[in-house]
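# Topology and contacts: notes
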Amino acid sequence: MPLAREIESLGRVLLQFYRAVNLLYRRSVEGKQPEWIARWLDACKPAELIALQRSPAFKNDVPRVIRPDILPTENGFSITELDSVPGGIGLTAWLNQIYSGLGAQVIGGPDGMIRGFEGIFGGAKTVHLVVSEEAATYRPEMEWLAKQMKNSEFRIQNSGFLDFKEGDAVYRFFELFDLPNVHSSKKIFDLASEKKITLTPPPKPIFEEKMLFALLWNWNLRDFWRQELGESFFARLKKIIPYTWLVDPTPLPPHAAIPGLDLTDWQQLKSLSQRDRELILKVSGFSEKAWGARGVFMGSDLPQADWAAAVDEAISGFGKLPFVLQRYEKPRLVEATWFDFDKNEPVPMKGRVRLCPYYFVIGEGDAARAQIGGILATIVPADKKIIHGMTDAILAPCVIS
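Nothing here was measured: the structure is a model prediction, and the numbers come from that model. (Residues numbered from 1 in each chain as written. Predicted model: local features only at pLDDT ≥ 70, side-chain atom pairs only at ≥ 80, totals over all residues. Heavy atoms only, no water.)

With that out of the way, let us pick up the sheet that holds strand β5 (residues 169–173). Spatially, β4-β3-β5-β6 is the arrangement adopted by the four strands of the open sheet, whose pairing is parallel. In the strand order of this sheet, the two ends are held by β4 (153–157) and β6 (198–200), each with one partner. With strand direction ignored, the average angle separating the axes of adjacent strands in the sheet is 20°. The pairing of strand β3 (residues 126–131) with β4 spans five bridges and is parallel. The partner of H128 across the bridge, within β4, is R155. This element, helix α6 (residues 139–146), spans β3, β4 and β5 of the sheet and lies at about 160° to β4. (Pairing = 2+ DSSP bridges. Helix = DSSP H or I, 4+ residues; strand = E, 2+ residues; numbered from the N terminus. Axes fitted to C-alpha atoms, helices over the stretch in contact; angles between N-to-C directions. Contact = heavy atoms within 4.5 Å.)

Written as structure tokens, this is what we have:
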């Protein structure tokens, strides 16, 4: 299957995964699945947020923007994370317009991002994009995006805005760990709970946790995943999502080992050789360290002492700031070119790429569908170990050649 078509078809798989995650959590709370699932996902969350997550008002709600981080490798590609409050929507929409105007066949088309984003609000006449100070660097792109809408009025609001009207829609451009700094959050959640406004993403921190991939790989849950995802979707996700573990220091029996690692204690992770440390430790969620390449430790790139310190932090953080461990899939090298405006010439560059497709969930209930709006490529120089939107990176939309 061509890469573009394969990525486009991933939208319905990831939407079904989110629906299954939502059901798994609810069943754990109800005692129909193991209690440790909800305990893991609720760790370090305030009681008010847990109550919102369990509220009947948001029972079936899942995020309406789904953005995976995809790394093309020598053996295909890997999804390393899912982001339900992603930046880059406006940037990708703008790039798609510019490149389409130059004749490129952009995935999603010139207005796929714009129409997709507009479509997630169900025709609401007024949509408030509430942008926190934490996300302030994304405000300009969202301001540009708001001006492109044709069928509704989109307004950018700061974290103190309170003048919502019944029937309005709200896009939550703030992470749930940041609620103390978003003064309007209580009113937004109250109005959404009363069904006076619509809200996306819902106030459910489960969708901001990287440990969801650890749950997918947990052997105890394989029957649940098979039933709720279907054998085909389950196999596909396991093929493209690297093996992931939650760093839970609960002692194992003497004859037991952590699957896939053959370690009997997380302390043994510290003594692995550099060759055996093709692993990444990262904060699972609900923290300012859980996004933007912060709180990420690459085992093969760290001296032994620094890696050991990162492992100690992960072990001690369980219950307060959980970490996940993930197999590292090295992105393959690609040829790219960027334009040096000082020298007025193109410059070739070998780099490694991250692909970020944006899927917009449009429609209600079982009729909802995940529609791709565009794909943003981030290419960094080959010597960079972690791919993110750094100053040395090339940002470009993906096109069909």
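Let us now look at the environment of W219. Assignment of secondary structure puts W219 in the loop between α8 (212–217) and α9 (222–229). We classify W219 as exposed; its relative accessible area is 59%. As for W219 and E141, which are separated by 78 residues in sequence, their C-alpha atoms are 42 Å apart. (Buried < 20%, exposed > 50% of the residue type's maximum accessible area, 1.4 Å probe, protein only.)

Quick look at the packing of aromatic side chains now. Applying the stated rule across the entire model yields 18 aromatic pairs. For the ring pair Y171 and F173, a centre distance of 6.1 Å and an interplane angle of 75° mean the geometry is edge-to-face. Overall, F173 belongs to the buried group, its relative accessible area being 2%. Geometrically, the ring pair formed by W217 and Y243 is stacked, given 4.5 Å between the ring centres and 20° between the ring planes. Here Y243 lies in the loop between α10 (231–240) and β7 (244–246) and W217 lies in helix α8, a separation of 26 residues in the sequence. Neither W217 nor Y243 differs from the other in exposure class; each is buried. These aromatic residues form a ring-pair network of at least three members: F117, F121, Y138, F154, Y171, F173 and F360. Over the ring of F174 we find R172, and its NZ or CZ is 5.8 Å from the ring centre. (Phe/Tyr/Trp six-rings, centres within 6.5 Å; stacked < 30°, edge-to-face > 60°. Lys NZ or Arg CZ within 6 Å of the ring centre and 35° of its normal.)

This brings us to a nonpolar patch on the surface. Side chains of W94, I98, Y99, L102 and V399 sit close together on the surface and give an oily, nonpolar patch of about 470 Å² of accessible area. Examined against the element boundaries, L102 turns out to sit in the loop between α4 (89–101) and α5 (112–119). The exposed category is assigned to L102, whose relative accessible area is 71%. (Patch = residues over 30% accessible without salt bridge, like charges linked within 9 Å, V, L, I, M, F, W, Y side chains within 5 Å. Areas by Shrake-Rupley, 256 points an atom, 1.4 Å probe, with all protein chains shown as cover. Salt bridge = Lys/Arg side-chain N within 4 Å of Asp/Glu carboxyl O.)

Turning next to the confidence of the model for the chain. Across the chain, pLDDT averages 93, with 99% of residues at or above 70. At the level of individual helices and strands, the chain shows its lowest average pLDDT in strand β9 (residues 296–298), which scores 89, and its highest in α8, which scores 98. (pLDDT = per-residue confidence, 0-100.)

This part is about the pairing of strand β12 (residues 345–362). Buried residues dominate β12, accounting for 13 of its 18 residues. With three bridges joining them, strand β1 (residues 65–73) and β12 adopt antiparallel strand pairing. By the bridge assignment for β12, I66 is matched with Y359. Pairing of strand β11 (residues 333–340) with β12, which is carried by eight bridges, proceeds in the antiparallel orientation. When the bridges of β12 are listed, E335 appears paired with K350. Connecting the antiparallel pair β11 and β12 is a turn made up of four residues, with N344 showing a positive phi of about 60°. In the sheet, β12 pairs with strand β13 (residues 369–381) via 12 bridges, with the strands oriented antiparallel. Each residue of the ladder has a partner; that of Y358, found in β13, is G374. The turn linking β12 back onto β13 is made up of six residues, and G363 within it adopts a positive phi angle of 105°.

Once that is clear, we can look at the pattern of salt bridges. Within this structure, the stated rule accounts for 21 salt bridges. Across the pair K270 and D312 runs a salt bridge, and its minimum N-O distance is 3.0 Å. In this pair, K270 sits in the loop between β7 and β8 (279–283) while D312 sits in helix α11 (residues 304–317), placing the two residues 42 residues apart along the sequence. Owing to a relative accessible area of 34%, D312 belongs among the partly exposed residues under this scheme. Via salt bridges that share partners, R67, D69, D83 and R354 belong to a single interconnected network.

With that settled, consider the packing of helix α1 (residues 3–30) against helix α2 (residues 35–42). At a closest axis distance of 7 Å, the pairing of α1 and α2 adopts a crossing angle of 115°. As judged from the angle between their axes, α1 and α2 are roughly perpendicular. Here α1 and α2 pass one another in a crossing that is left-handed. Residue-level inspection shows L24, Y25, S28 and V29 of α1 in contact with α2, the latter providing E35, I37, A38, L41 and D42. (Parallel < 35°, antiparallel > 145°, perpendicular 65-115°, else oblique. Left-handed = near helix turned anticlockwise from the far one by under 90°.)

Okay, the environment of T264 next. Positionally, T264 belongs in the loop between β7 and β8. Placed 96 residues apart in sequence, T264 and D168 show a C-alpha to C-alpha distance of 53 Å. In this structure, T264 is in contact with L252, A256 and A257, ignoring residues within four places of it in sequence. A distance of 2.6 Å separates a polar atom in the side chain of T264 from a polar atom in the side chain of Q268. (Polar contact = N/O pair within 3.5 Å; in protein donor to acceptor, adjacent residues only side chain to side chain.)

Turning to the sheet that holds β8, a few remarks are in order. Reading across from one edge, β7-β10-β8-β9 is the order of the four strands in this open sheet, with antiparallel pairing throughout. A strand with exactly one partner marks an edge of an open sheet, and here the two such strands are β7 and β9. Across the sheet, the mean angle from the axis of one strand to that of its neighbour is 20°, orientation sign disregarded. Relative to strand β10 (residues 323–327), β7 runs antiparallel, the two sharing three bridges. Bridge assignment links W245 to a residue of β10, and that residue is L325.

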